[in-house]
Every structure is written in structure tokens, then in C-alpha cells.
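Here are the chains, one letter per residue:
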Amino acid sequence: MQYRRLGASGLQLSALSFGAWMTFGRQVGRGQARELVAAAWDHGINFFDNAEAYANGEAERVMGDVIADLRLPRDGYCVSSKVFFGAAEDPRPTQRGLSRKHVVDACHAALKRLRVDYLDLYYCHRPDPDTPVEETVAAMDLLVRQGKVLYWGTSEWPEALIREAAKFARTHHLAAPTMEQPQYNLLHRERVELEYAPLYSELGLGTTTWSPLASGLLSGKYADGIHREGRLAQPDAGWLQRLVVGHSEERRLERARRFVAVAAELGEKPAPLAIAWCLRNPHVSSVILGASTPAQLRENLGALELVRRYDEPVWRRLEVAAANV
Ligand code: NDP
């Protein structure tokens, strides 16, 4: 495994990490979840990503139980949670968004579910237009000062809002955001490569990126349609199918097919190659992997080797293949 600094902070995260979205508490049972975390840990993964909203909190419960059961040393791994969406089945207006109340309540609830005394990383899962950004920054600062959160950050915030939060924090000597969690893959590049570009040096922003395979699309598995098993076949995943396959003008299936064809010419499996492409960006602190089987996870870990095997002309060729032209 390779370890990278989380932006300008001193935290060393594994370049590949592992997240629980759509799998823990939903698609895979506890036994399989345990195998996945054990395999990740055995291969040097030290960051496990979660959110209050994943399976209405059940993903964090499973993650917490499995980590405790495996007796992973608390000073050797990092866990995250994210606040904003609340739990789908909880209609209370105080229990969603980024108000001081929900940021604090959600942190306490995540600590219990994950069975830890502090969260290593805590994200604002989306911007909240109904809460002043100053209130959210102050709430995060409070949790950092109380030792309940080590590093806080954002997920899918516009560049200007991250800059505003950082400026307010610095002016008032509060804890500033350390990292952002954006989507980043061969079909979705703009935010990481263009929008956030000034923030890496100006703020020392780190990134932990999500959906390196565009929910599995870049593995080539959907070339002949949606399978009866797996993420997109779940009964309530219609919205995700539309997101993954996209509108016709996005040509996502066609672009994925072209990428898979180049991978085949290189003699490589598409999934680890797509992940390696994410890893070769130096502004990516950690690529968060998703996997529903240990075999997928092991295959994807091959990305570490592929980054070293290929140089720029090959990465450019893959970008051209996956471009929307
Ligand atoms: P990916 O895009 O890598 O998709 C993972 C899924 O693709 C797996 O669950 C599996 O689905 C399939 N897959 C994985 N490896 C292979 C393989 N080798 N061959 C074939 N299929 C494969 O990542 P995710 O979308 O899961 O995102 C990763 C993490 O990022 C999440 O767990 C979460 O922690 C975070 N995230 C954060 C978001 C945010 O808003 N901050 C949003 C989304 C994710 P299947 O079971 O169908 O085979």
C-alpha cells in the first residue's frame, strides 16, 4: 500500500480506502462485511468511509461492529462520518442539514454507531442553503476542540463556498476544512481537475474521491445491460440506474465501452485500470473504493501496481476514449 498526506495536514491515509455506501446494511450481510473490512485491512487500507445516511445509519452500525470484532487498533485506522441528509425515515426538521444542532447530534450518533470516541474525518455531505456557513464552521470547530472530530471537510461543495468557510475559519482562529470528498472518475472530471484547482495550493485542500468506477460502470459489467444481481438491481435503485447510465447526451455507456476496449488492447482488467487513472492525479489523497465481494476488492487493489506500469501517453489515451465526443 502507498500512503499519502491528506492535503496539507499531517494525516497519512492509504491511497486506496474503502467505503460502505450501498453495500453495508443493504446489499451484503454481516459476514461478507467482515470479510471485506478484513481484506482491506490486510492489504494496508487504513481509512473506512461512512455517512449517517448510508442505509439509515445501519452501514455505520455494521462497520463499527465489524471493526470491533476484528479488534483493529484504534490508532491504526481512520473512520469517517458525514452529516446533512439525516436518516430517510426520520422526519424531524432538526435532524437534517448543517445547523449547529444537527452537526453535533449527528456526530454523537455516529460515534455510538461506529463504537469510537472520536471521528478521524467528518464531512458536511452537501452544502445547506438554510444554514449560514459561519454556523456550520463554528459547530465543526467546537467538535474539533472537544476532541470528537480530528479533521473536518466538505463533500460536493462549490469552490466558492469552501473558500468562504476557510476564510471565516482562519479569520476567527477556528478549525478550517481540511478535505473535500468529490466524485472523480474517467466520466466525471471537471470539479477535481478544474473547479478545485486553485484550492490545492491556496488552502492545502486534500481530496478523498468517490465512485472511481462510476458505480461499477467502468468495470465493463453493464455493456450488455443491467444485471439481475448487484447494486443497480436493488429494488429501490431506479434513481441510481438513471444516474449511472445517465442521459443520452452524456453517452456514458458508449464512453465506458470505448474505455473497456482500450483496456482490453492493453491486456488489462478495466476496473483496476480505471482506479489507477484516479490514483495518478497527485491532488487525490485517497481513492475510496466500493466492493460487494472480497474478490472485487482484491482485483481493484491491483490499481497500485498499474499506476507504476503506465506513463502519461497511456493515461491520455484512456481519457480520449472516455471523453464525451
Ligand atoms: P465504485 O464506483 O468503485 O463502485 C463500487 C461498486 O462497483 C461495487 O459495490 C460493485 O457493485 C462494483 N464493482 C467494484 N469492483 C468491481 C470489479 N472489480 N468488477 C466489477 N464490479 C465491481 O465506488 P462507489 O460508488 O461504491 O463509491 C465508493 C465510496 O465512496 C462509497 O462506498 C462511499 O464511501 C463514497 N461515496 C461518497 C459519496 C459522497 O457523496 N460523498 C457518494 C458516493 C460514494 P456490484 O455489487 O453491483 O458488483
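Residues numbered from 1 in each chain as written. Predicted model: local features only at pLDDT ≥ 70, side-chain atom pairs only at ≥ 80, totals over all residues. Heavy atoms only, no water.

Bringing the layout of surface pockets into the picture now. Where empty space is left in the structure can be found by rolling a water-sized probe over the atoms. As a volume, the largest pocket reaches approximately 1000 Å³. Along its surface, the largest pocket is lined by 46 residues, and Trp21, Met22, Ser211, Ser215 and Arg231 are the ones closest to its centre. Secondary structure elements with two or more residues in the lining of the largest pocket: helix 8 (238–245), helix 10 (270–279), strand 10 (286–289) and helix 11 (294–301). Considering each element in turn, the lining of the largest pocket owes the most residues, 4 residues, to helix 11. (1 Å grid on protein atoms, 1.4 Å probe; cavity = no way out; pocket = protein on both sides within 12 Å on 5 of 7 lines; lining within 4 Å. Points joined across faces, edges and corners; volume = space filled by probe spheres on them. Helix = DSSP H or I, 4+ residues; strand = E, 2+ residues; numbered from the N terminus.)

The immediate surroundings of the ligand are formed by 33 residues, with Gln27, Asp49, Ser211, Lys221 and Ser292 found nearest. In this structure, a nitrogen atom belonging to the ligand sits 2.9 Å away from a side-chain N or O atom of Ser155. Gln296 is positioned such that a nitrogen or oxygen atom in its side chain is 2.9 Å from an oxygen atom of the ligand. Burial of the ligand by the protein chains amounts to 95% of its free accessible area of 910 Å². Given that more than half its atoms are within 2 Å of the pocket grid, the ligand belongs to the largest pocket. Secondary-structure elements contributing two or more residues to the shell around the ligand are strand 10 and helix 11. (Near = heavy atom within 4 Å. Polar contact = N/O pair within 3.5 Å; in protein donor to acceptor, adjacent residues only side chain to side chain. Areas by Shrake-Rupley, 256 points an atom, 1.4 Å probe, with all protein chains shown as cover. Sits in = over half its atoms within 2 Å of the grid points.)

Another aspect to go through is the sheet that holds strand 3 (residues 16–19). Backbone-to-backbone hydrogen bonds join strands into a sheet, with any given pair of strands oriented parallel or antiparallel. Within the closed barrel, the 8 strands sit side by side as 3-4-5-6-7-8-9-10. Their pairing is parallel. Judged from the 2 bridges that link them, strand 7 (residues 149–154) and strand 8 (residues 179–180) form a sheet pairing that is parallel. Of the residues in strand 8, the one forming a bridge with Thr154 is Glu180. Packing against the sheet, helix 4 (residues 133–145) makes contact with strand 5 (78–83), strand 6 (119–124) and strand 7, and its axis sits at approximately 160° to strand 7. (Pairing = 2+ DSSP bridges. Contact = heavy atoms within 4.5 Å. Axes fitted to C-alpha atoms, helices over the stretch in contact; angles between N-to-C directions.)

Our next topic: the side chain of Ser285. Its location among the elements puts Ser285 in the loop between helix 10 and strand 10. When neighbours within four sequence positions are excluded, Ser285 is seen to be in contact with Arg4, Arg5, Leu6, Gly7, Ser14, Ala15, Gly206 and Thr207.

In this structure, Phe18, Phe24, Phe48, Leu119, Tyr122, Leu218 and Leu297 are the most contacted members of the largest nonpolar core, which totals 96 residues. If one sorts the elements of this core by residue count, helix 10 sits on top with 8 residues. Core analysis: the next-biggest nonpolar cluster, separate from the first, contains 9 residues, Leu6, Leu11, Phe47 and Ile288 among them. (Core = buried A, V, L, I, M, F, W, Y, C linked by side-chain atoms within 4.5 Å. Buried < 20%, exposed > 50% of the residue type's maximum accessible area, 1.4 Å probe, protein only.)

You can see Tyr54 is positioned in the loop between strand 4 (47–49) and helix 2 (58–70). Judged by its relative accessible area of 10%, Tyr54 falls in the buried class. Apart from the residues lying within four places of it in its own chain, the contact partners of Tyr54 are Ala20, Trp21, Asp49, Ala59, Lys82 and His125.

Despite not being glycine, Asn56 shows a phi value in the positive range, around 55°. Inspection of the secondary structure puts Asn56 in the loop between strand 4 and helix 2. For Asn56, a relative accessible area of 27% corresponds to the partly exposed category. The phi dihedral of Ser211 falls on the positive side, at around 50°, and the residue is not glycine. Looking at where Ser211 falls in the secondary structure, it is placed in the loop between strand 9 (206–209) and helix 8.

A word on the UniProt feature "domain: NADP-dependent oxidoreductase" (unreviewed entry) in the protein. When the UniProt feature table is mapped to this numbering, "domain: NADP-dependent oxidoreductase" (unreviewed entry) covers residues 16–314. Secondary structure across residues 16–314 comprises 43% helix and 12% strand; the distance between its end C-alpha atoms is 21 Å. (UniProt positions renumbered as here; feature names shortened; annotations may be inferred.)

Turning next to the pairing of strand 3. Side chains Leu16 and Phe18 of strand 3 all project onto a buried face; the interleaved residues Ser17 and Gly19 project onto the opposite face, where all are buried too. With 2 bridges connecting them, strand 3 and strand 4 associate as parallel partners. Counted as the bridge partner of Gly19 is Asp49 from strand 4. You can see the chain leave strand 3, run along helix 1 (residues 30–42) and come back into strand 4, and the turn it takes is right-handed. (Right-handed = clockwise from strand over helix to strand, strands pointing away.)

The element strand 6 is largely enclosed, with a buried count of 6 among its 6 residues. With 4 bridges joining them, strand 5 and strand 6 adopt parallel strand pairing. The residue of strand 6 that forms the bridge with Val83 is Cys124. With helix 3 (residues 100–114) bridging strand 5 and its parallel neighbour strand 6, the resulting β-α-β unit is right-handed.

This part is about the packing of helix 3 against helix 4. Contact geometry for helix 3 and helix 4: axes closest at 8 Å, N-to-C directions at 30°. Note that helix 3 runs across helix 4; the crossing there is right-handed. Between helix 3 and helix 4, the residues in contact are Arg100, Val103, Val104 and Cys107 and Glu135, Thr136, Ala138, Ala139, Met140, Leu142 and Leu143, respectively. Grouping the amino acids of the contact of helix 3 with helix 4 by side-chain chemistry returns 8 nonpolar, 1 polar and 2 charged. (Left-handed = near helix turned anticlockwise from the far one by under 90°. Nonpolar A, V, L, I, M, F, W, Y, C, P; charged D, E, K, R; others polar.)

The tally for this structure, following the rule as stated, stands at 5 aromatic pairs. Geometrically, the ring pair formed by Tyr184 and Trp277 is tilted, given 4.9 Å between the ring centres and 35° between the ring planes. Within this pair, whereas Tyr184 is found in the loop between strand 8 and helix 6 (190–195), its partner Trp277 is found in helix 10, the two being separated by 93 residues in sequence. Each of the two residues, Tyr184 as well as Trp277, counts as buried. Sitting above the plane of the Tyr118 ring, Arg74 keeps its charged end 4.0 Å from the centroid. (Phe/Tyr/Trp six-rings, centres within 6.5 Å; stacked < 30°, edge-to-face > 60°. Lys NZ or Arg CZ within 6 Å of the ring centre and 35° of its normal.)

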